[in-house]
Amino acid sequence: MFASTVETGVMEVGGTSATSSSNTSNNGGSGSGGGNSNSGGAGGSIELLCPPSGSSSISGSASFSSNSGASGSSSQTHSTAISSATDRSNNNGNSNHNPSLQLNGNGGSNTRQHSSSSSSGSNSSSNMSPPPSSSNNNNHSSNIISGFCSTIWRSATFGSATPVINPLPAVHINPKSMESSSDSCSLSSSTTPDVCLADQQRNMASGAQEQTEDQSQTFLGATELDDELIKQLPKEVLLRVFSYLDVVSLCRCAQVCKYWNVLALDGSSWQKINLFDFQRDIEGPVIENISQRCRGFLKSLSLRGCQSVGDQSVRTLANHCHNIEHLDLSDCKKITDISTQSISRYCSKLTAINLHSCSNITDNSLKYLSDGCPNLMEINVSWCHLISENGVEALARGCVKLRKFSSKGCKQINDNAIMCLAKYCPDLMVLNLHSCETITDSSIRQLAANCHKLQKLCVSKCADLTDLTLLSLSQHNQLLNTLEVSGCRNFTDIGFQALGRNCKYLERMDLEECSQITDLTLAHLATGCPSLEKLTLSHCELITDDGIRHLTTGSCAAEILSVLELDNCPLITDRTLEHLVSCHNLQRIELFDCQLITRTAIRKLKNHLPNIKVHAYFAPGTPPAVTSGHRPRYCRCCEIL
């Protein structure tokens, strides 16, 4: 997309060019000698190139000319500039050589034009003409886009379209290379190469002295050129580019110029807004202004953590932004059912809403959403303590396309709510029931039987579940890849044996505090779950070194297993770390309160796996008992106090 090889904004600084009328032999347009020729005069110019798109460097090039004699003199010009394809020198008595980088409509990008003309009396002329005029429009568009890309780069990097002035690199002239080049100086019989080189060095020095004075003019001209190029771009192209920028970049672009301000603040550029980084500064009027500006263009809005936002702001948002699809209101403590009522009335295209920790939300909100948002596919009501089975039932009846439902910490949700989800939402793929303590095997079994697309299930802290739940999941949900059953103390090796036999796609498992499982569970998982990536076995007090050995010999251990948590496994010893040496992809291991693990074993493991992160805690040693002397009356702390 970006033409990074095209230099833009080239201007001549200092000195005089060989193509100007004051420094070239003017033959009056008829080819006769004499007149206004400058005998032995030398002129020089230094040209600056603004940094191209994606680069912060500034290039430099030099231009030199030497004129001697009247009709037999020769001049040479090396320039890099934005110019037309026509020859700027009309001197028939001189021999001119003009290599130039054409960036306008008359020359292709990255194309150098070489033209040379000699006097009619002694030398024949040879010119390389520019490319055909049929490609002018394409080249012109390429130049415009190149200039626009350069300005975009400067705006996104420095917050301004003005080029950054960097020190110019030193310009060095290699006499040998110039003499051997086909474009070397052409001197008459009355001059010598030493004189040519001396003139060129003097020209270079004089141009360098004037460089500092004209730098501001050069970069000002480059900025004006960029502005002219950008103004020629269609508004639709600029709006399309701005649509890929985030909030901060859009605000920076809005400060470049009036033209950019209008386009950057256009509603079409604000289709996806995330204000989490500004949560402390966002208040109601800000949301109302954004709503009135974006209107129907806004499709995704995140107000996570904006606790100053209330019902009035959400109501204004819903009234103006009817096409919104994703809305995140998590941790907006002031949000009530009034907000969801406005959303359901005006935002019928809503597909995902996050109400995490909105403690004032009740069952009425779920009823409003079921009535007005039939396309809803994702909803999160975690830690909304007022949500009960009535609201979930209404939601399930009205939003049959539901795929993700999270109700973590909603203790009023029971088996009836889960059965309604299983009955009316067969496409359910993600279900989080963490800490829904009244859930039993009956609802999970019906869920497993009806929702065959289930991939992620969390029933942590649902202490009433038994192996019947695991057996149903293994029988009906072979696509399951994430299972979190932390705190389910009734699960045994039987249930996990069935999972290991049928659920081949399991990648993450949290078995923390499943205190009845033994090494047999690890043996089944090692053989039946080749994609297992993260495994938590914290507080599984029956796990031993043999279980870890079975796990490391499985197909998942060598290249897949990356995280292993073994906190508070009292039977784990240094042998476990020796077995884990074969797990080449292991990135993190938790060993808190594993009393039989030593520092020496950890050092050996890190020698074999240098990138692994080992989290371990070693309790301080018990101080030796005092066997002699009297016990001090006060401890050291008391003495200090």
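Residues numbered from 1 in each chain as written. Predicted model: local features only at pLDDT ≥ 70, side-chain atom pairs only at ≥ 80, totals over all residues. Heavy atoms only, no water.

Overview of the pattern of salt bridges
(1) Moving on: Summed over all chains, the structure comprises 9 salt bridges.
(2) Moving on: For Lys404, the salt bridge goes to Glu378, with nearest N and O atoms at 3.9 Å. Of this pair, Lys404 sits in strand β14 (residues 404–406) while Glu378 sits in strand β13 (residues 378–380), and the two are 26 residues apart along the sequence.
(3) Moving on: Across the pair Arg588 and Glu590 runs a salt bridge, and its minimum N-O distance is 2.6 Å.
(4) Moving on: The exposure class of Arg588 is partly exposed, given its relative accessible area of 23%.
(5) Moving on: One network of salt bridges, in which partners are shared, links Lys461, Arg489 and Glu513. (Salt bridge = Lys/Arg side-chain N within 4 Å of Asp/Glu carboxyl O. Helix = DSSP H or I, 4+ residues; strand = E, 2+ residues; numbered from the N terminus. Buried < 20%, exposed > 50% of the residue type's maximum accessible area, 1.4 Å probe, protein only.)

Observations regarding the confidence of the model for the protein
(1) Moving on: On average, residues of the protein score 73 in pLDDT, and 60% of them reach the 70 mark or higher.
(2) Moving on: Scored below 50 in pLDDT, residues 1–135 shows 300 contacts in the model against residues more than four places distant or in partner chains.
(3) Moving on: pLDDT under 50 marks residues 160–195. Its contacts with residues more than four places away, or in other chains, come to 55 contacts. (pLDDT = per-residue confidence, 0-100. Contact = heavy atoms within 4.5 Å.)

Observations regarding the packing of aromatic side chains
(1) Moving on: Inspection of the entire model under this criterion finds 2 aromatic pairs.
(2) Moving on: Ring centres of Phe242 and Trp260 lie 5.4 Å apart, and the angle between their planes is 75 degrees; on these two criteria the pair is classed as edge-to-face. Here Phe242, found in helix α4 (residues 235–242), pairs with Trp260, found in helix α6 (residues 258–264); they are 18 residues apart in sequence, far enough to count as distant. Trp260 shares its class with Phe242; the two are buried.
(3) Moving on: Their ring planes at 85 degrees and their centres at 6.1 Å tell us that Phe491 and Phe496 sit as a pair that is edge-to-face. (Phe/Tyr/Trp six-rings, centres within 6.5 Å; stacked < 30°, edge-to-face > 60°.)

Re the layout of surface pockets
(1) Moving on: Each pocket or cavity is described by its volume, and for the largest pocket that value is around 400 Å³.
(2) Moving on: As for the largest pocket, its lining consists of 19 residues, and the residues nearest its centre are Lys456, Cys458, Thr482, Glu484 and Arg508.
(3) Moving on: Elements represented by at least two residues in the lining of the largest pocket include exactly β15 (430–432), β16 (456–458), β17 (482–484), β18 (508–510), β19 (534–536) and β20 (563–565).
(4) Moving on: For the lining of the largest pocket, the class distribution of residues is 8 nonpolar, 3 polar and 8 charged. (1 Å grid on protein atoms, 1.4 Å probe; cavity = no way out; pocket = protein on both sides within 12 Å on 5 of 7 lines; lining within 4 Å. Points joined across faces, edges and corners; volume = space filled by probe spheres on them. Nonpolar A, V, L, I, M, F, W, Y, C, P; charged D, E, K, R; others polar.)

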